[in-house]
Amino acid sequence: MPVNPPDDVDLIVAAWQRERPDLDVAPLQVLSRVSRLAKRLDLARAGAFAGLGLEIWEFDVLAALRRTGAPYRLSPGALVEATLVTSGTMTNRVDRLLARELVTRRPSPTDRRGVLVELTPAGVRAVDGAMEALLTRERAVLAGLSEADRRALTGFLRELQAGLDAPE
């Protein structure tokens, strides 16, 4: 297995070890890479969506609706849970997607005061195109990993996420 040259995280870890030899900075080896990778993946996603005129947050909302299956609708509360934002943020996002005619608001059939957010046909086309572009970009990102490495990485990341999701 080839040895990779030192990266930016190796330099950060070495600097902390030099400056604070009393600290165990081993977690930085993993979590700083995850953090930096997440930032780079956000840039890659933004690039995949830019040609389609979508922002990452727009894709997140549209994708949450699309995954529900026809008729592609959710309550604002369910969208908040699916996208991990506040209700105020979601209200703003839905309003902006409404203005772009990618979603509509419909009265809830089960709650007289409730509303449902629903994809329009233009919203379905937008999110489907964005998903195709995203998968093309993400396949390129993963191209250097074998299938076995991808499975192992998936398992490791699932375990790491479970630790973060566990109640304190």
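Residues numbered from 1 in each chain as written. Predicted model: local features only at pLDDT ≥ 70, side-chain atom pairs only at ≥ 80, totals over all residues. Heavy atoms only, no water.

- Going by an unreviewed UniProt entry, the protein chain carries the name MarR family transcriptional regulator TamR and comes from Nostocoides vanveenii.

**What about helix α1 (residues 8–19)?**
Thinking step 1. For α1, with twelve residues, the first-to-last C-alpha span of 17 Å sits near the 16 Å given by 1.5 Å per residue.
Thinking step 2. With a side-chain oxygen positioned 3.1 Å from the backbone nitrogen of Val9, the residue opening α1 is Asp7. (Helix = DSSP H or I, 4+ residues; strand = E, 2+ residues; numbered from the N terminus. Expected span 1.5 Å × (residues − 1). Polar contact = N/O pair within 3.5 Å; in protein donor to acceptor, adjacent residues only side chain to side chain.)

**A closer look at the pattern of salt bridges**
Thinking step 1. Here the structure, examined in full by the defined rule, presents 13 salt bridges.
Thinking step 2. Taking the shortest distance from any N to any O, the salt bridge between Arg18 and Glu19 comes out at 3.1 Å. In this structure, Arg18 and Glu19 share a single accessibility class: exposed.
Thinking step 3. Residue Arg105 is joined to Asp95 by a salt bridge in which the shortest nitrogen-to-oxygen separation is 2.6 Å. Residue Arg105 is found in strand β2 (residues 103–107), and its partner Asp95 is found in helix α5 (residues 87–99); the two are separated by ten residues along the sequence.
Thinking step 4. The exposure class of Asp95 is partly exposed, given its relative accessible area of 36%.
Thinking step 5. A single salt-bridge network, built from bridges that share partners, covers Asp7, Asp10 and Arg33. (Salt bridge = Lys/Arg side-chain N within 4 Å of Asp/Glu carboxyl O. Buried < 20%, exposed > 50% of the residue type's maximum accessible area, 1.4 Å probe, protein only.)

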